[in-house]
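An overview of the molecular structure
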Amino acid sequence: VVVSILTHADDRGLREATWRAFNSRAATGDGSNAPVIARMVALRRERAKILGFGDFVDLVLADRMAKDGASARAFLAAIEDRV
């Protein structure tokens with residue numbers, strides 16, 4: 001339904017209201033996902049510490065090309081400098 005409204009509705013105000021409502025769902029009020037997200041972040045941090053990593057980024061990147069968060073950030077900074 002959202003895609004249909006955003007694609008076909010002639011009323012700009014309706015499209016904007018639909019887009020805002022769709023993109024802010026579960027962001028506030030009783031249906032907010034904020035407590036769930038905070039718990040997930042805390043559990044990820046705890047898991048990384050238990051496994052001997054500085055943070056969750058280092059844990060995730062350990063078996064990937066970047067190897068750690070610092071290397072990934074340095075790579076992104078180098079790309080940013082070229083743009």
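Structure: see above.
Heads up: these notes are all about the structure in this document. Given the structure is predicted, the values throughout are model-derived calculations rather than measurements.

**Things to note about the pattern of salt bridges**
- The tally for this structure, following the rule as stated, stands at one salt bridge.
- Between Glu-16 and Arg-20 there is a salt bridge, and its shortest N-O distance comes to 2.9 Å. Of this pair, Glu-16 and Arg-20 both sit in helix α2 (residues 12-23), four residues apart, roughly one helical turn.
- The class of Glu-16 is partly exposed, set by a relative accessible area of 38%.

**Considering the packing of aromatic side chains**
- If you walk through the whole model with that rule in mind, you get zero aromatic pairs.
- The positively charged end of Arg-25 is found above the aromatic ring belonging to Phe-22, 3.8 Å away from the centroid.

Definitions and cut-offs
Residues numbered from 1 in each chain as written. Predicted model: local features only at pLDDT ≥ 70, side-chain atom pairs only at ≥ 80, totals over all residues. Heavy atoms only, no water. Salt bridge = Lys/Arg side-chain N within 4 Å of Asp/Glu carboxyl O. Helix = DSSP H or I, 4+ residues; strand = E, 2+ residues; numbered from the N terminus. Buried < 20%, exposed > 50% of the residue type's maximum accessible area, 1.4 Å probe, protein only. Phe/Tyr/Trp six-rings, centres within 6.5 Å; stacked < 30°, edge-to-face > 60°. Lys NZ or Arg CZ within 6 Å of the ring centre and 35° of its normal.

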